[in-house]
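# Analysis of the macromolecular model
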Amino acid sequence: MGKTILILGGGTGGVVAANVLAKVLPKGYRVAVVDRLESHVFLAALPLVIVGMRKPQEITRSLKGIEAPNVQFIQAEVQHFHADDKTVQTDQGILSYDSLIVALGAQPEGTSTFSRVFNPYDLQDAARLHEELTTFSEGHIVIFISNTPFPGTIAPYEIALLVDSFFRHRRLRKTVEISFITPETRLLEFATPRSSERLRALMRQRNLHVMTGRKVQSLSVGRTLTLDDGDIPGDLFIGVPPHTGPAPFRDTMMTDTSGWLKVDPHTLATCFPDVYAIGDATGIQSNEGMWIPKVGFFAHYQAEVVARNLALQYAGKEPRFRFVGGALGASMLSGSNRGCFVAVKAYASPARMTLSSPSRMAFWSKVFFEKYWLKSWFRYPH
Ligand SMILES: Cc1cc2nc3c(=O)[nH]c(=O)nc-3n(C[C@H](O)[C@H](O)[C@H](O)COP(=O)(O)OP(=O)(O)OC[C@H]3O[C@@H](n4cnc5c(N)ncnc54)[C@H](O)[C@@H]3O)c2cc1C
């Protein structure tokens, strides 16, 4: 009898895993994808929602669109994991698996502490933020990252540069001050010092006040952001909340003290038999002990590795695919028509991440990738 592969999470990793498995699994095998949301959000385009270059519905797709004769979507909240009887408890009932792929992403924490802050990683907040920006004409905008590691790696920088661009186009930049605060010791910490300096020069040129190595503690009602070493007054706050690994796995042996899921860096296998974890939920370190970037490219490649290896295993063959920690051709938008190419070799010694100078090509390559993504993995548009 065919086996059941359960995928938890219909984000980047889950959607790729389901699509690949639909094609490569032997006949009679089935895939079930569970997500609390009805729709998938293409997160890499969220920064464009903030500056009004995309509408929320343009970057979302119904998860029903990944269904196929051997793939089913179940909308449910994942609550607990039971390794002993190979089941997962959800708010819609218990689901059994033969193989499990955990792709639940990074979970935002402590959002109530920053309830007066726009979370740029949330679709509704991104849309509300856009409305706020359209009426904002003078004052201080403070963009900050709460903690490391955070998903998206380049995303907060992209947001800062796009917000700058937004006000330049509206000829309001002289009256709008923008500050960028990060706990990273230098900009884009995983990048080479040269690329980090390139980004700092770009942000300096755009008149963004950058503060590195600073940790945000709280935001007062009086609109002052308290850092570990002083206060920053502001009029509008955009903050990436602290993130950690998925709650349903927090009390299991899969999660270490960091809160992230432990996996084999090449096969993505966990300490439990037939359980794999991919994407932002995992905590993988480079040879130098740094967290490797939490980027969609990695979630995508890891999903391919796990899905193809499962198909080989079920066909009685030796799994041979390995995640090698590399990505080429990603881009970070630096304005409304320019971007910088990003390349990562996370498992090299030393690990490398580089950023090119801004070009139109990098902007358009990201736009084409978005179109490819939204068209390739979903059977119907909404
Ligand atoms: C604003 C932004 C911009 C980004 N830009 C880029 C970029 O340009 N390039 C790039 O490579 N990467 C980018 N990233 C990072 C990229 O989006 C992530 O690395 C990628 O989405 C991770 O995929 P994932 O499958 O691990 O998790 P996710 O895509 O986050 O998916 C997790 C899924 O699990 C579901 N879920 C979570 N908990 C539960 C639960 N308990 N029960 C049921 N469902 C649950 C969620 O609803 C979600 O659908 C960006 C991220 C953000 C936030």
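Read on for a plain summary of the structure. (Residues numbered from 1 in each chain as written. Predicted model: local features only at pLDDT ≥ 70, side-chain atom pairs only at ≥ 80, totals over all residues.)

### Digging into the sheet that holds strand 11 (residues 139-145)
Taken in spatial order, the four strands line up as 13-12-11-17 in an open sheet, and their pairing is parallel. If you trace the sheet from one side to the other, it starts and ends with strand 13 (208-211) and strand 17 (236-240), each paired once. Across this sheet, the average inter-strand angle for adjacent strands is 15 degrees, counted without regard to direction. With five bridges connecting them, strand 11 and strand 17 associate as parallel partners. Opposite I143, over in strand 17, you have I238 as the bridge partner. (Pairing = 2+ DSSP bridges. Helix = DSSP H or I, 4+ residues; strand = E, 2+ residues; numbered from the N terminus. Axes fitted to C-alpha atoms, helices over the stretch in contact; angles between N-to-C directions.)

### What about helix 7 (residues 360-376)?
With 17 residues, helix 7 should cover 24 Å at 1.5 Å per step; its first-to-last C-alpha distance of 24 Å lies within 8% of that length. Listed in full, the buried residues belonging to helix 7 are A362, F363, K366 and W373. Viewed along the axis of helix 7, the buried residues span an arc of 110 degrees, placing them on a single side of the element. Exposed positions of helix 7 whose direction lies more than 90 degrees from the buried face are R360, F368, K371, Y372, K375 and S376. Of the surrounding elements, those touching the buried residues of helix 7 are strand 20 (326-333) and strand 21 (339-345). (Expected span 1.5 Å × (residues − 1). Buried ≥ 20, exposed ≤ 12 C-beta atoms within 10 Å, placed from the backbone. Arc of directions from axis to C-beta. Contact = placed C-beta atoms within 7 Å.)

### As for the packing of helix 1 (residues 12-24) against helix 6 (residues 296-314)
With their axes 8 Å apart at the nearest point, helix 1 and helix 6 run at an angle of 30 degrees to one another. Judged by the inter-axis angle, helix 1 sits roughly parallel to helix 6. Helix 6 is crossed by helix 1, and the crossing has right-handed handedness. Side by side, helix 1 and helix 6 meet where T12, G13, V16, A17, V20, L21 and V24 of the first sit next to G296, A299, H300, Q302, A303, E304, V306, A307, R308, L310 and A311 of the second. Here the contact of helix 1 with helix 6 is composed, by residue class, of eleven nonpolar, five polar and two charged. (Parallel < 35°, antiparallel > 145°, perpendicular 65-115°, else oblique. Left-handed = near helix turned anticlockwise from the far one by under 90°. Nonpolar A, V, L, I, M, F, W, Y, C, P; charged D, E, K, R; others polar.)

### A few points about the sheet that holds strand 6 (residues 78-82)
Overall, antiparallel pairing links the three strands, which are arranged 6-7-8 in an open sheet. Lying at the two open borders of the sheet, with one neighbouring strand each, are strand 6 and strand 8 (93-96). Averaged over neighbouring strand pairs, the angle between their axes works out to 25 degrees when direction is ignored. Strand direction decides the pairing type here: strand 7 (residues 87-90) and strand 8, joined by four bridges, are antiparallel. Note that in strand 8 the partner of Q89 across the bridge is I94.

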